[in-house]
Protein chains: 2
Amino acid sequence: MLIVKKFGGSSVANKERIFNVARRCIEDYKAGHDVVVVLSAMGDTTDNLIEMAHSINPKAKKRELDMLLTTGEQVSVSLMAMAMQALDVPAVSLNAFQVMMHSTSKYGNARFKRVDTERIEHELDSRKIVIVTGFQGINKYDDVTTLGRGGSDTTAVALAAVLHADKCEIYTDVEGVFTADPRVVKNARKLEDITYDEMLELASLGAKVLHNRSVEMAKKYNVELVVRSSLTEAEGTVVKEATKMEKLLVTGVAGDVNTARISVIGVDDKPGTAFVIFNTLAKNNINVDIILQSVGREGTKDISFTVASDDLEQALEILEDNKERLTIQEITYNKNVAKLSVVGAGMMSNPGVAAKMFESLYNSRVNINMISTSEIRITVLIDEKDIDKAMNAVHDGFIMTE
Amino acid sequence: MLIVKKFGGSSVANKERIFNVARRCIEDYKAGHDVVVVLSAMGDTTDNLIEMAHSINPKAKKRELDMLLTTGEQVSVSLMAMAMQALDVPAVSLNAFQVMMHSTSKYGNARFKRVDTERIEHELDSRKIVIVTGFQGINKYDDVTTLGRGGSDTTAVALAAVLHADKCEIYTDVEGVFTADPRVVKNARKLEDITYDEMLELASLGAKVLHNRSVEMAKKYNVELVVRSSLTEAEGTVVKEATKMEKLLVTGVAGDVNTARISVIGVDDKPGTAFVIFNTLAKNNINVDIILQSVGREGTKDISFTVASDDLEQALEILEDNKERLTIQEITYNKNVAKLSVVGAGMMSNPGVAAKMFESLYNSRVNINMISTSEIRITVLIDEKDIDKAMNAVHDGFIMTE
């Protein structure tokens, strides 16, 4: 069996943890499996490097930033190889040049285009554990790129896909995917499995267990993922295509306080207004989430939407700069909002989920600001102060009563 | 003009120094020159990485050690590019993969085989300052290698050679090559120029200004080197082929306390004895320096030689292990010795230099243990405690009286 195992930065933050990871990999190796390990940079390395860069040039070019940051994973993988060798197991570390992880050109946020397998297969054939730098690629200029935060998950999935791995294990500091964040919802419980689509909705909704792009890629190449803890031997959660006939109505509940609402008031009520507004934001790389449009006074309309809190300031600036062109009479915003979402593949064939969610919220006296739905997700915008209460109420309403 | 400039780790040890180096390079760039910069790892980075590696695996494989260490220069070059960009000058950092610095396979002590120029030339053509990681190469397995300590000098010379640079400047923390270490010899003075051969003898004798291999390569490809300070604007010392008719009798005096004497007593006085002894040491990578053989008692001989202090313990172990085979009756050693050398291309045509050196030492009551000479060098082994006194005496005897 060929197993790809990915460990995040906190799992390799110091000598003891490096040896802990080494031992877990060696277990599989000694059971006769081929083992490919993907690592992130140790602990706070990436943050420290970014800080160093910003102290020298607050507007450091992303090309150079990527050149700097990719050293972090190279340190992890070489130390890991040394640890395994200290335990008398043959191991070799490889960076993106050595594997040849071809990526798009976009520094800081590249995507894999093609991944060569020759070198890894050669090392596996000589019975070595192969340790690969996560998070990085090489673009057509022979420059180093990074995949953006959490990109090591994507590296692991990409390698699992091209190597036709039997398993791709993503190790984190939690025991798997939960029905809700256990720190917030006391009745949250671990899921045995979850579909790619459900995981995608949860990841993009702030569940933070898996990098979104890695789930997309896993779905595309049908790579079965296992999310499990690097600290315990617990089984973890399997992410795969739905196989059961019976689907859970609601798989998980996610909250996200990193969100802000913006409303543009009194824009012209004519075709194309919304397009121009959101196109202006998109060009500036502002991702807009929930959108709600309502009729305003005298031939105008009001549009409300949410953005990530981090983007709020920039979004407001852009709207202000283009106020006239976009026919905006007034801009209002609210930072103290939160998104609450329920996700479940079973929703598709079960009407009434939304109603039940609203009932739970009503019973807890939580006011709903905005509503947005997809086939397998319902999201509401509520006051930030209500988020914990609301998550517990909705979680218990669905998951505990099933 | 195309200028290659190399800066060591202490020259880029912190933000201020990085900007200092950036400004010096930009001066040349703004004067219209093409500038290639070679950097070592910042400050103590390499030592810290080695320490980290040893804490995980005291016998870390050199392949993995090189993978680890080469991250140090990649950090320097990317930060330097950011600094230059902050000063509004286009710059790009390149590692050994991007330049393609082909090296031999020997991890930890590789040599360059071939260096591609395409990428660097392309970047220079678009008027960028090109910043290259020193000290590292890529071998035929696509693995990262290092050139050994001081290897960044060699990188600079190699790039100057293949790019046909007009100048190769090696920046250090001293103002150039001195007639002796100014910290020891108060009358030491800076040389305007020195030949490759003299520099080679001085470098290998512990003058520590330039990496030996870089001088060999400079000589081979006739690259004119300038050794100068990164802290002052002083002119520095030019290293080149001899051009003057009149050569200095003695160019420099060097002392080296990192040396130890070993004597093997009573070995068989028959052909091949010396060969077997030194071959055994060479196979274990022990470099032997001065060798002296004398007749011993009753058909035996005694052989004395020096090794680097760091190698003493291992050399003694090897000799002890092979005592019988090597027909050694007794092994003695002395750690408290030092080498004192005078170097000068003028010696070749001037007899009497040795005599004058011995006279200076005799006048200072310094006892000579062993003597070794080459065409342009005389080396004596003396007691370690006498080294400062002896260096001053010999230096003043030759250089002050010329």
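About the cut-offs
- Residues numbered from 1 in each chain as written.
- Chains lettered and ligands numbered in written order.
- Predicted model: local features only at pLDDT ≥ 70, side-chain atom pairs only at ≥ 80, totals over all residues.
- Heavy atoms only, no water.
- Least-squares fit on C-alpha atoms with pLDDT ≥ 70 in both.
- Contact = heavy atoms within 4.5 Å.
- 1 Å grid on protein atoms, 1.4 Å probe; cavity = no way out; pocket = protein on both sides within 12 Å on 5 of 7 lines; lining within 4 Å.
- Points joined across faces, edges and corners; volume = space filled by probe spheres on them.
- Nonpolar A, V, L, I, M, F, W, Y, C, P; charged D, E, K, R; others polar.
- pLDDT = per-residue confidence, 0-100.
- Salt bridge = Lys/Arg side-chain N within 4 Å of Asp/Glu carboxyl O.
- Buried < 20%, exposed > 50% of the residue type's maximum accessible area, 1.4 Å probe, protein only.
- Buried area = accessible area lost by both parts, 1.4 Å probe.
- Polar contact = N/O pair within 3.5 Å; in protein donor to acceptor, adjacent residues only side chain to side chain.
- Helix = DSSP H or I, 4+ residues; strand = E, 2+ residues; numbered from the N terminus.

(A) Up close: the relation of the copies chain A and chain B. Overlaying chain A on chain B yields an RMSD of 0.1 Å, the required transformation being a rotation through 179° with an accompanying axial translation of 0.0 Å. Such a turn and shift between the copies fits a two-fold axis. Among all C-alpha atoms of chain A, that of A:Thr71 lies closest to the rotation axis, at 2.6 Å. An overlap of 100% is found between the interface residues of chain A and their copies at the interface of chain B, pointing to a shared contact surface.

(B) Main features of empty space enclosed by the protein. Applying the stated rule across the entire model yields one cavity of 30 Å³ or more. Its boundaries defined by the atoms lining it, the largest cavity holds a volume of some 100 Å³. Looking at the largest cavity, it is lined by 13 residues, and the ones nearest its centre are A:Gln74, A:Asn95, A:Phe97, B:Gln74 and B:Asn95. Across the lining of the largest cavity, the residue classes break down as five nonpolar, eight polar and no charged.

(C) Fine view of the confidence of the model for chain A. Mean pLDDT for chain A: 91, with 98% of residues reaching 70 or above. Complex prediction metrics read pTM 0.82 and ipTM 0.81.

(D) Main features of the pattern of salt bridges. Taken as a whole and judged by the stated rule, the model has 44 salt bridges over all chains. One salt bridge connects B:Lys385 with B:Asp383, and the closest N-O pair in it is separated by 3.9 Å. Its relative accessible area of 25% is what places B:Asp383 among the partly exposed residues. Bridged by salt links that share partners, the residues A:Arg63, A:Glu64, A:Asp143, B:Arg119, B:Glu123 and B:Lys128 form one connected network.

(E) Looking closely at the interface of chain A and chain B. Across the boundary between the two partners, chain A contributes 39 residues, which contact 39 residues of chain B. Overall, the association of chain A and chain B removes approximately 3200 Å² of surface from exposure, summing both partners, and the carbon and sulfur fraction of that is 62%. Among the residues of chain A in contact with chain B, A:Ile56, A:Glu64 and A:Met82 are the three that bury the most area, contributing 21% of the side total. Put simply, chain A and chain B have two salt bridges between them. Here B:Asp143 ties to A:Arg119 by a salt bridge, and the two come within 2.7 Å at their closest N and O atoms. Taken together, chain A and chain B are joined by 20 residue pairs in polar contact (both at pLDDT 80 or more). Sorting the residues of the side of chain A that touches chain B by element identifies α1 (15–30), α2 (45–56), α3 (62–86), β3 (91–94) and α4 (96–99) of chain A as the ones contributing at least two each. A total of 17 residues in the side of chain A that touches chain B trace back to one element, the largest contributor, which is α3(A). Among the residues forming the side of chain A that touches chain B, the class breakdown is 22 nonpolar, ten polar and seven charged.

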